[in-house]
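Reading the structure
Chain residues, written in single-letter form:
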Amino acid sequence: MSSENLHAPRENLTKQTLNQHQAIVSLGEEIEAVDWYRQRADDCSDPALRDILLHNMQEEIEHACMVLEWLRRNMPEWAEEMDTYLYTDAPITEIEEAESGSSEAAPVNATSGVPDEDRAARPAYRFTVGSLKKNGA
């Protein structure tokens, strides 16, 4: 992956930038692992092994979601985009047009996908993965 290495001298980067870099690289690795496990499961002829591979894939999805939640909490830009694009039934490629006003259409309601004349009335949904602690920990 091209972004595993830093593209600027480490000493010129803030701790915040380094943490964000670690999160972004980790997210890519988790997503790549999801793809690998899915392909292996599809190609596997043993049902028990296929179940294990699919279980492992689900674990990688969980890990990716945890990193996404960290990014949301630590980078306002991620939170803003997640608020716009996640948990909506609107056509994905039309959301940006509705948000930016670049089209003649009224803004799209994030929940229903129906044009909404009053953007302020749209509920503010947040993406979270919940507590990262084990039960009783």
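Note that the coordinates shown come from a computational prediction; the quantities given were computed from them, not determined experimentally. (Residues numbered from 1 in each chain as written. Predicted model: local features only at pLDDT ≥ 70, side-chain atom pairs only at ≥ 80, totals over all residues. Heavy atoms only, no water.)

This part covers the pattern of salt bridges. Applying the stated criterion across every chain yields a total of 3 salt bridges. Two residues, aspartate 42 and arginine 38, come together in a salt bridge whose shortest N-O distance is 2.7 Å. Highlighted residues: aspartate 42 and arginine 38, both in helix 1 (residues 15-43), separated by 4 residues, approximately one helical turn. As a salt-bridge pair, arginine 73 and glutamate 69 come within 2.8 Å of each other at their nearest N and O atoms. (Salt bridge = Lys/Arg side-chain N within 4 Å of Asp/Glu carboxyl O. Helix = DSSP H or I, 4+ residues; strand = E, 2+ residues; numbered from the N terminus.)

Together, Glu77, Glu80, Glu81, Glu94, Glu96 and Glu97 make up a region of like negative charge exposed at the surface. Counting residues per element, the ones that place at least two in the negative patch are helix 3 (76-85) and helix 4 (92-100). Locating glutamate 96 in the fold gives a position in helix 4. Overall, glutamate 96 belongs to the exposed group, its relative accessible area being 52%. (Patch = residues over 30% accessible without salt bridge, like charges linked within 9 Å, V, L, I, M, F, W, Y side chains within 5 Å. Areas by Shrake-Rupley, 256 points an atom, 1.4 Å probe, with all protein chains shown as cover. Lys, Arg positive; Asp, Glu negative; His and termini not counted. Charge placed at Lys NZ, Arg CZ, Asp CG, Glu CD. Buried < 20%, exposed > 50% of the residue type's maximum accessible area, 1.4 Å probe, protein only.)

We now examine the packing of aromatic side chains. Tallied over the entire structure, the rule returns 0 aromatic pairs. When the ring centre of tyrosine 37 is taken as origin, the NZ or CZ atom of arginine 40, which lies over that ring, is 5.8 Å away. (Phe/Tyr/Trp six-rings, centres within 6.5 Å; stacked < 30°, edge-to-face > 60°. Lys NZ or Arg CZ within 6 Å of the ring centre and 35° of its normal.)

Here histidine 55 shows up in helix 2 (residues 47-74). C-alpha separation for the pair histidine 55 and tyrosine 37, spaced 18 residues apart in sequence, amounts to 8.9 Å.

Moving on, we get to unusual backbone geometry. Not every positive phi belongs to a glycine, and tyrosine 87 is a case in point at roughly 60°. Along the chain, tyrosine 87 falls in the loop between helix 3 and helix 4. Residue classification places tyrosine 87 among the exposed residues on the basis of a relative accessible area of 56%.

Before going further, it helps to examine helix 2. For helix 2, spanning 28 residues, the distance from its first C-alpha to its last is 41 Å, which sits close to the expected 40 Å at 1.5 Å a residue. Buried residues of helix 2: Leu53, Met57, Glu60, Ala64, Val67, Glu69, Leu71 and Arg72, and no others. Buried residues along helix 2 sit in contact with helix 1 and helix 3. N-cap assignment for helix 2: the residue whose side-chain oxygen lies 3.0 Å from the backbone N of alanine 48 is aspartate 46. (Expected span 1.5 Å × (residues − 1). Contact = heavy atoms within 4.5 Å. Polar contact = N/O pair within 3.5 Å; in protein donor to acceptor, adjacent residues only side chain to side chain.)

At a closest axis distance of 8 Å, the pairing of helix 1 and helix 2 adopts a crossing angle of 160°. Accordingly, the angle class assigned to the pair helix 1 and helix 2 is roughly antiparallel. Classified by chirality, the crossing of helix 2 by helix 1 is left-handed. (Axes fitted to C-alpha atoms, helices over the stretch in contact; angles between N-to-C directions. Parallel < 35°, antiparallel > 145°, perpendicular 65-115°, else oblique. Left-handed = near helix turned anticlockwise from the far one by under 90°.)

All right, on to the confidence of the model for the protein chain then. Per-chain confidence: the protein chain averages 82 in pLDDT, with 70% of residues scoring 70 or above. Averaged pLDDT values over the elements of the protein chain bottom out at 82 in helix 4 and peak at 98 in helix 2. Per-residue pLDDT stays below 50 along residues 114-127; that stretch engages in 32 contacts with residues further than four places along the chain or on separate chains. (pLDDT = per-residue confidence, 0-100.)

This part takes up the environment of glutamate 30. Counting through the fold element by element, glutamate 30 comes out in helix 1. Residue classification places glutamate 30 among the buried positions, given a relative accessible area of 18%. Between the C-alpha atom of glutamate 30 and that of glutamate 62, which follows or precedes it by 32 residues, the distance is 8.9 Å. With residues near it in sequence (within four places) discarded, glutamate 30 still touches Glu60, His63 and Ala64.

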